[in-house]
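# Summary of the model geometry
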Amino acid sequence: ALFEGKALSKTNGKIFQGYTQQKDPLKKIDEQQYAWERSKLGGRSLETTAQNEKQQPRKTTKFPEEAREKECWREALNILQKDMDANRLTSLSGYVSELWKLATTTIYKRTYLTEHQKTIGKRNLLLWYLPLAEDKIAAVHAIYKKRMRMAEKYIDKAPDKRYAQYPEWYFNPKNPSGFTRTKQWYEKEQKQKRAQREQKALFYEIRRYKENAAKDTGQGIDLMTMYQHCEKKLTRFENEELLAQFYSAMKPLAVHNKSILN
């Protein structure tokens, strides 16, 4: 009853009829595919190609991550052989654990890590501490944490496009695009902060001199003494360019004091 009417004979019937008119449509498709494969192989038959593949099995290449992991592990073993002090390794494990915990809450807060990856991550972080002198570890550890925060800020600006590589590669000291890259960020930031502190100190000392010079006679400090005080404050930065800016700014202000100009 479902197939009653002329629709079946005019539409589906033609489809079935066209199908039955072909000798073997599936065989025709196989022949076309065979011809295409044969032309692709330059005239060689598929059977010959299959036999050659059996005689010469494909060479399997290791994943780059595995090679990097083994290289990093060999480097760790070489360092450990030179530094087998158990007490030192115990103290460094505390720094490693703290930095790793920070990594899981910052750059890997959106990433699932297996236990194996966590183990490799801690092991690779140890490489960042082994070459350090004992009296430098605490200071460098604080810098490492700041660099980790900088990496977090970089990722948070575009979390859909930016991410940290897996620990076995990101914390490899030989990876220029991993945690090693944050050193450049940190040094650039420190340079900018230092320049800001220097300019702030320069403006402060010039203003201090102006305010002292504007005071009535007997109330302020001698101009030469004040000049020397300001100069001494800026000398601590050990920046010749900063002192040159100070001398250039002071010339019109100290025109009434010949001893300063000399």
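Rules behind the numbers
Residues numbered from 1 in each chain as written. Predicted model: local features only at pLDDT ≥ 70, side-chain atom pairs only at ≥ 80, totals over all residues. Heavy atoms only, no water. pLDDT = per-residue confidence, 0-100. Helix = DSSP H or I, 4+ residues; strand = E, 2+ residues; numbered from the N terminus. Contact = heavy atoms within 4.5 Å. Core = buried A, V, L, I, M, F, W, Y, C linked by side-chain atoms within 4.5 Å. Buried < 20%, exposed > 50% of the residue type's maximum accessible area, 1.4 Å probe, protein only. Arc of directions from axis to C-beta. Polar contact = N/O pair within 3.5 Å; in protein donor to acceptor, adjacent residues only side chain to side chain. Salt bridge = Lys/Arg side-chain N within 4 Å of Asp/Glu carboxyl O.

## Some thoughts on the confidence of the model for the protein
On average, the protein scores 75 in pLDDT, and the residues at 70 or more come to 63%. Per-element confidence in the protein ranges from a low mean pLDDT of 41 for helix H1 (residues 7-21) to a high of 96 for helix H7 (residues 137-156). Taken together, the stretch residues 36-50 has pLDDT below 50 and engages in 10 contacts with residues farther than four places along the chain or on a different chain. Residue range residues 56-63 is modelled with pLDDT below 50. Its contacts to residues more than four positions away, or to other chains, number 2 contacts.

## Some remarks on the nonpolar core
If you look at the biggest cluster of nonpolar residues, it comprises 25 residues, and the most contacted ones within it are Ile107, Tyr108, Tyr129, Tyr144, Met148, Tyr170 and Phe171. Counting only elements with at least two residues in this core, the list comes to helix H5 (86-105), helix H6 (115-126) and H7. If we ignore the near neighbours within four places in the chain, the residues touching Met148 are Leu99, Leu102, Ala103, Thr106, Ile107, Phe171 and Phe179. Grouped together as the second largest cluster of nonpolar side chains are 14 residues, Ala201, Met226, Cys230 and Phe237 included.

## Overview of helix H11 (residues 240-250)
Along H11, the residues that are buried comprise Leu242, Leu243, Phe246 and Met250. What you see down the axis of H11 is that its buried residues fit within an arc of 95 degrees, all on one side. In this structure, H11 carries Glu240 and Glu241 as exposed residues pointing more than 90 degrees from its buried face. On its buried face, H11 sits against helix H9 (182-213) and helix H10 (223-235). A side-chain oxygen of the first residue of H11 lies 3.0 Å from the backbone nitrogen of Glu241; this N-cap is Asn239.

## Examining the pattern of salt bridges
Summed over all chains, the structure comprises 11 salt bridges. Lys145 serves as the salt-bridge partner of Glu98, at 3.3 Å between the closest nitrogen and oxygen. Residue Glu98 is found in helix H5, and its partner Lys145 is found in helix H7; the two are separated by 47 residues along the sequence. Given the relative accessible area of 39%, Glu98 is considered partly exposed. Between Asp156 and Lys109 there is a salt bridge, and its shortest N-O distance comes to 3.3 Å. Of the two residues, Asp156 is situated in helix H7 and Lys109 in the loop between H5 and H6; the sequence distance between them amounts to 47 residues. Salt bridges linked by common partners bring Lys109, Arg110, Arg149, Glu152 and Asp156 together as one network.

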